[in-house]
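Spelled out from the first residue to the last, the chains are:
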Amino acid sequence: QQQVKQSPQSLIVQKGGISIINCAYENTAFDYFPWYQQFPGKGPALLIAIRPDVSEKKEGRFTISFNKSAKQFSLHIMDSQPGDSATYFCAASKPGGYQKVTFGTGTKLQVIP
Amino acid sequence: ETGVTQSPTHLIKTRGQQVTLRCSSQSGHNTVSWYQQALGQGPQFIFQYYREEENGRGNFPPRFSGLQFPNYSSELNVNALELDDSALYLCASSYNAQGNYGYTFGSGTRLTVV
């Protein structure tokens with residue numbers, strides 16, 4: 001059972017454009033929603049995260065929008081740059097005895113000059 | 001402040017063999033989690049170690065086992081390797097076992113089973 005669904009699978013954006021990646025979750029117990037960025041040959045790196053009591057969080061060019069009622073959240077990358085080309089994973093975790101993060105399937109972003 | 005380091009970076013093993021992967025957690029982190037990332041997929045949770053004990057496990061068979069040492073470093077052991085075990089194995093450390101503060105991942109060990 002895939003608890004976090006991510007789309008699109010791949011995305012091509014021109015330099016300066018807006019990249020948008022969407023995710024949907026099923027488990028209402030999730031209370032932490034991070035986004036990870038992964039470059040080839042590297043492990044994922046935490047990019048930005050949000051908790052469900054907030055509808056939007058912005059850090060530099062990266063913004064998470066969160067819709068609790070729809071159980072959806074999205075990553076917006078403003079003024080996309082070639083250096084942003086990477087695979088992006090949305091994720092979710094819930095409180096409990098241990099931290100298990102459930103990842104989406106990933107979106108491969110390519111920003112073309 | 002050092003990050004998470006994993007060794008080796010690449011490994012080739014034969015089906016049926018056993019393998020040990022190693023991880024040093026980031027300074028100040030006491031919890032280590034292991035993930036398996038198949039090609040083109042998101043990481044899948046294997047298990048988590050806190051205070052030298054396994055305190056959470058994903059849907060992986062018992063031939064996947066681990067250890068955590070007093071310095072918070074960790075090992076992942078896989079017995080009776082199968083072809084489907086070929087993947088990138090990621091170690092992630094965090095401040096504690098229960099809080100959601102985000103992981104710091106290592107660069108992973110690429111395991112190929114032939």
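Scroll up to find the structure this text is about.
As the structure is a computational prediction, the values presented were derived from the model and not from experiment. (Residues numbered from 1 in each chain as written. Chains lettered and ligands numbered in written order. Predicted model: local features only at pLDDT ≥ 70, side-chain atom pairs only at ≥ 80, totals over all residues. Heavy atoms only, no water.)

Draft legend 1. Representation of the state of the cysteines within the structure. Throughout the structure, instances matching the rule amount to 2 disulfides over all chains. The disulfide bridge from C23 of chain A ends at C90 of chain A, spanning 1.9 Å between sulfur atoms. The S-S bond linking C23 of chain A to C90 of chain A shows a torsion near -95 degrees; that makes this disulfide left-handed. Of this pair, C23 of chain A sits in strand β3 (residues 19-25) while C90 of chain A sits in strand β9 (residues 86-92), and the two are 67 residues apart along the sequence. Of the two residues examined, C23 of chain A and C90 of chain A, each falls in the buried class. The residue that forms a disulfide with C23 of chain B is C91 of chain B, at a sulfur-sulfur distance of 1.8 Å. One quick way to see it: the torsion about the S-S bond of C23 of chain B and C91 of chain B is about -60 degrees, and its sign makes the bridge left-handed. Of the two residues, C23 of chain B sits in strand β3 (residues 19-24) while C91 of chain B sits in strand β9 (residues 87-94), which places them 68 residues apart along the sequence. (Disulfide = S-S within 2.5 Å. Helix = DSSP H or I, 4+ residues; strand = E, 2+ residues; numbered from the N terminus. Buried < 20%, exposed > 50% of the residue type's maximum accessible area, 1.4 Å probe, protein only.)

Draft legend 2. Region of the structure containing the pattern of salt bridges. Applying the stated criterion across every chain yields a total of 6 salt bridges over all chains. The closest approach of N and O atoms between R61 of chain A and D84 of chain A, which form a salt bridge, is 2.8 Å. A residue pair is termed long-range when its members are at least 10 positions apart, and R61 of chain A in the loop between β6 (56-59) and β7 (62-67) and D84 of chain A in the loop between β8 (72-77) and β9 qualify at 23 residues. Salt-bridge contacts for E54 of chain B lead to R57 of chain B; the nearest nitrogen and oxygen are separated by 3.1 Å. (Salt bridge = Lys/Arg side-chain N within 4 Å of Asp/Glu carboxyl O.)

Note that every value here comes from positions in space, so none of it alone points to a role or purpose.
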